[in-house]
Amino acid sequence: DEIQLKHTMTTDQVEWFNPSTNEYKVIGGVSLPRKEPSLAPVKEGELIAVAGGTDGSAMANEIVYFKWDATAGFKREMLASPPKLGMPGRRAAAAVAVRSGLDLLVLGGYSDPDPAKVTPLASSEIVGTATLMVTAGPTVGSTGPEGRGDICAVQLPDGTVLAIGGLTVDVAGAPGRSDGSTTIIKSTAAGAAQGLPGPPLAVPRVLHTCTALQDGSVLVLGGLNEQITSHEILQDAWVYQPAPTDP
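So, a few notes on the structure that sits alongside this text. (Residues numbered from 1 in each chain as written. Predicted model: local features only at pLDDT ≥ 70, side-chain atom pairs only at ≥ 80, totals over all residues. Heavy atoms only, no water.)

**A short note on the overall build of the protein**
Along the protein, the regular secondary structure elements total zero helices and 22 strands. Its C-alpha radius of gyration of 18 Å places the protein within 12% of the 18 Å reference for a compact globule of 247 residues. When its C-alpha atoms are laid out on the principal axes, the protein stretches across 50 × 40 × 35 Å. Counting contacts in the protein only where the partners sit at least 6 residues apart, residues at least 24 apart contribute 45% of the total. For the protein, the accessible area works out to roughly 12000 Å², and carbon and sulfur atoms hold 55% of it. Between the mean site of the 17 positive side-chain charges and the mean site of the 26 negative ones, the protein shows a separation of 5 Å. (Helix = DSSP H or I, 4+ residues; strand = E, 2+ residues; numbered from the N terminus. Rg over C-alpha atoms; globule rule 2.2 N^0.38 Å. Contact = heavy atoms within 4.5 Å. Areas by Shrake-Rupley, 256 points an atom, 1.4 Å probe, with all protein chains shown as cover. Lys, Arg positive; Asp, Glu negative; His and termini not counted. Charge placed at Lys NZ, Arg CZ, Asp CG, Glu CD.)

Given below as structure tokens:
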């Protein structure tokens with residue numbers, strides 16, 4: 001099954017899709033008005049975690065979990081003290097499961113609730129599903145200091161995460177441009193995570209997709225190459241093979 005939030009407009013509905021009946025169903029009794037949230041399955045697929053986003057005027061920091069119920073469909077997990085992302089929050093971040101699919105890694109995004117403002121973040125955060133604690137993750141900035149929003153991130157078969165492309169700025173307040181940076185993120189023996197720079201994309205891009213393939217490579221499709229004086233809607237496809245990170 002699939003769960004999604006409507007975010008073309010700031011509505012408060014949460015829907016889930018049932019592929020066996022080809023129907024979308026609204027989760028009753030749930031109000032979650034968020035634009036540009038991030039979500040990913042965690043706890044080996046038992047939960048769907050929703051992080052970040054904005055209602056258009058303020059950032060949403062609370063992490064919300066949904067769980068499948070065989071009778072009622074998806075329902076919200078009500079927690080006494082739900083985890084929260086650090087201030088000021090983030091929207092249009094990447095979200096992917098880490099640590100054998102147990103926890104949530106939220107990468108990059110933008111720090112301002114106004115979608116007209118390009119305020120990319122270089123930081124990331126790790127949300128522990130069992131502990132409900134949020135800790136700092138590795139930096140996923142571009143080649144400059146200003147970070148990336150709308151990153152595409154995917155978990156590879158060996159448990160590492162590959163963060164690809166996004167939108168960055170050269171200096172704070174400057175117009176956004178597509179970025180070609182990649183970051184390989186590995187969990188350490190102590191449970192933390194570290195980011196290693198990967199080789200850049202052949203063509204910078206944002207609003208693209210990335211899909212992990214069974215052989216460990218990643219299929220990168222389309223997107224937009226937005227530069228200061230030009231923009232191009234990309235129609236290409238690349239298969240990206242991360243270099244080994246172990247000695």
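Additional details are given in the paragraphs that follow.
**Examining the side chain of threonine 168**
Within the secondary structure, threonine 168 sits in strand β14 (residues 167-168). For threonine 168, a relative accessible area of 0% corresponds to the buried category. A distance of 2.7 Å separates a polar atom in the side chain of threonine 168 from the backbone oxygen of glycine 147. (Buried < 20%, exposed > 50% of the residue type's maximum accessible area, 1.4 Å probe, protein only. Polar contact = N/O pair within 3.5 Å; in protein donor to acceptor, adjacent residues only side chain to side chain.)

**What about the packing of aromatic side chains?**
For any pair of aromatic rings, the description rests on two quantities: the centre-to-centre distance and the angle between the ring planes. Tallied over the full model, the rule gives four aromatic pairs. Relative to tryptophan 68, the ring of tryptophan 16 has its centre 5.1 Å away and its plane inclined at 80°; by these criteria the two rings are edge-to-face. A residue pair is termed long-range when its members are at least 10 positions apart, and tryptophan 16 in strand β2 (residues 14-18) and tryptophan 68 in strand β6 (residues 64-69) qualify at 52 residues. Note on tryptophan 16 and phenylalanine 74: the rings are 5.9 Å apart at their centroids and 65° apart in plane angle, and the pair reads as edge-to-face. With a gap of 58 residues between them, tryptophan 16 in strand β2 and phenylalanine 74 in strand β7 (residues 73-77) connect regions that are remote in the sequence. Within the aromatic cluster, the residues linked to one another by ring pairs are Trp16, Trp68 and Phe74. (Phe/Tyr/Trp six-rings, centres within 6.5 Å; stacked < 30°, edge-to-face > 60°.)

**Some remarks on the state of the cysteines**
What the rule picks out here adds up to one disulfide. The disulfide partner of cysteine 152 is cysteine 210, and the gap between their sulfur atoms is 2.0 Å. Taking the sign of the torsion about the S-S bond as the criterion, the disulfide between cysteine 152 and cysteine 210, at about -110°, is left-handed. With cysteine 152 in strand β12 (residues 152-155) and cysteine 210 in strand β18 (residues 209-212), this residue pair connects regions lying 58 residues apart in the sequence. Judged by relative accessible area, cysteine 152 falls into the buried class, the value being 11%. (Disulfide = S-S within 2.5 Å.)

**Regarding the sheet that holds strand β19 (residues 218-221)**
A sheet is described by the order of its strands in space; here three strands give the open sequence β18-β19-β22, paired in antiparallel fashion. Unpaired on one side and paired on the other, β18 and β22 (237-240) mark the two borders of the sheet. On average, each strand axis in the sheet is tilted by 20° relative to the strand beside it, whichever way the strands run. (Pairing = 2+ DSSP bridges. Axes fitted to C-alpha atoms, helices over the stretch in contact; angles between N-to-C directions.)

**So, the nonpolar core**
Membership of the largest hydrophobic core comes to 13 residues, with the highest contact counts inside it found for Ile63, Tyr65 and Leu104. Within the residue set of this core, elements represented by two or more residues are β4 (38-42), β5 (47-51) and β9 (103-107). At three residues, β5 tops the list of elements feeding residues into this core. Contacts of isoleucine 63, omitting those with residues within four sequence positions, involve Ala49, Val50, Ala51, Pro82, Pro83, Lys84, Leu85 and Val127. Val96, Val98, Ala163 and Ile185 belong to the second largest nonpolar core, which has twelve residues in total. (Core = buried A, V, L, I, M, F, W, Y, C linked by side-chain atoms within 4.5 Å.)

**Concerning the sheet that holds β6**
What links the strands of a sheet is backbone hydrogen bonding, and the strands pair in either a parallel or an antiparallel sense. Read across the open sheet, the four strands follow the order β4-β5-β6-β7; overall the sheet is antiparallel. The open sheet has two free edges, formed respectively by β4 and β7, since each of these has just one partner strand. Going across the sheet, the axis of each strand differs from the next one's by a mean of 30°, ignoring polarity.

**Re the pattern of salt bridges**
According to the stated counting rule, one finds eleven salt bridges in the structure shown. Notably, a salt bridge pairs lysine 67 with glutamate 46, separated by 3.3 Å at the nearest N-O pair. Separated by 21 residues along the polypeptide, lysine 67 in strand β6 and glutamate 46 in the loop between β4 and β5 bring together distant segments of the chain. Residue class for lysine 67 comes out partly exposed when judged on its relative accessible area of 28%. (Salt bridge = Lys/Arg side-chain N within 4 Å of Asp/Glu carboxyl O.)

**Focus: unusual backbone geometry**
Cis geometry is adopted by the peptide bond preceding proline 88, which originates at methionine 87 and carries an omega value of 5°. Along the chain, proline 88 turns up in the loop between β7 and β8 (94-98). Here the phi dihedral of asparagine 22 falls at roughly 60°; this positive angle occurs in a residue that is not glycine. Its location among the elements puts asparagine 22 in the loop between β2 and β3 (23-26).

In short, shape yes, function no, at least from these values alone.
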